[in-house]
Structures are given as C-alpha cells and as structure tokens.
Amino acid sequence: MQIQTKSGRWIHMPDTVEEARINAGIAADPDTWVSTDEEFARARPGSEILPPHIYAGLVAMQQRRARGRPPIETPKVATAIRFDADVLAGLRATGKGWQTRVNDAMRQWLAAQHPSP
C-alpha cells in the first residue's frame, strides 16, 4: 500500500508479510530490547547520573545546535501577484529559478525608474 503526504511524496507502507519480516529482523537483533516496567521505574534523568561538567556540556551542545535554515540578512517576503496565464506559463517555461529571475528583472526595472544620483 502507498500513501501520499501533504507535500505530494509517496510513501510505501509494508503489507502484513513484510511487516512480519521486519519485526522478525528486529527480534533477532541482539542489540534490540524492550525495556521492562522495572527498568523504567529505575530510570533517572541525566542530570542525576552524569558528572555535572559532562551534563552541563551536553546541555550547552543542545542549546547551540541550530534548527532549520540559518537566518539570512534580507529574507524574501511572500506575496501574491496575478499574471495573465500566458505570461505565467512563459515564466515557468524558463525552468527552475524563474521566480528569482522575475525578482531580478523587477529590481532592474525599479533601478531604471529611480536611478541613483
């Protein structure tokens, strides 16, 4: 079975036979185990079991790790603009990066309208 994500990507979902093979492989792996209730009851946070300097280093590393794309100085601003269908088709036909090229053309047009002294 396949399912489609919101982004349009297709994901293969295993059938029952394939799922059984996957689970058998997991069960046969000596490095895989299921924690018992007793093990969970004995579990303690890292702050209690690690030396303070090591725990502090791990926390600092976690806080420094960047998430997502790095910020840029001049981010793009989303907007909506309406083009005639033939104009839009022609722009898209120029290939990947057409929006960047439109942005550059608009920048050139603005510079021509308001030349710097």
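A. Looking closely at the overall build of the protein. Assigned secondary structure in the protein consists of six helices and two strands. Its helices and strands in sequence order give the protein the pattern β-β-α-α-α-α-α-α, from N to C terminus. Whereas a compact globule of 117 residues would reach a radius of gyration of roughly 13 Å, the protein reaches 27 Å, over 25% beyond that. Seen through its C-alpha atoms, the protein measures out along the principal axes to roughly 75 × 50 × 20 Å. Within the protein, buried positions represent 2% of all 117 residues. Of the accessible surface of the protein, which amounts to about 11,400 Å², a share of 59% is contributed by carbon and sulfur atoms. Separation between the mean location of the 15 positive side-chain charges and that of the 13 negative ones in the protein comes to 12 Å.

B. Spatial organisation of the confidence of the model for the protein. Mean pLDDT over the protein works out to 91, with 97% of the residues at or above the 70 mark. The secondary structure element of the protein with the lowest average pLDDT is helix H4 (residues 52-64), at 89, and the one with the highest is helix H5 (residues 85-93), at 96.

C. Region of interest: the environment of Ala78. In this structure, Ala78 sits in the loop between H4 and H5. On the basis of relative accessible area, Ala78 is assigned to the exposed category, the value being 78%.

D. Local environment of a nonpolar patch on the surface. Together, Ile49, Leu50, Ile54, Tyr55, Leu58 and Met61 make up a nonpolar patch on the protein surface, roughly 550 Å² of accessible area in all. Per-element tally for the nonpolar patch: the top contributor is H4, with four residues. Taking the relative accessible area as the measure of exposure, Tyr55 reaches 34% and is therefore partly exposed.

Cut-off values and rules
Residues numbered from 1 in each chain as written. Predicted model: local features only at pLDDT ≥ 70, side-chain atom pairs only at ≥ 80, totals over all residues. Heavy atoms only, no water. Helix = DSSP H or I, 4+ residues; strand = E, 2+ residues; numbered from the N terminus. Rg over C-alpha atoms; globule rule 2.2 N^0.38 Å. Buried < 20%, exposed > 50% of the residue type's maximum accessible area, 1.4 Å probe, protein only. Areas by Shrake-Rupley, 256 points an atom, 1.4 Å probe, with all protein chains shown as cover. Lys, Arg positive; Asp, Glu negative; His and termini not counted. Charge placed at Lys NZ, Arg CZ, Asp CG, Glu CD. pLDDT = per-residue confidence, 0-100. Patch = residues over 30% accessible without salt bridge, like charges linked within 9 Å, V, L, I, M, F, W, Y side chains within 5 Å. Salt bridge = Lys/Arg side-chain N within 4 Å of Asp/Glu carboxyl O.

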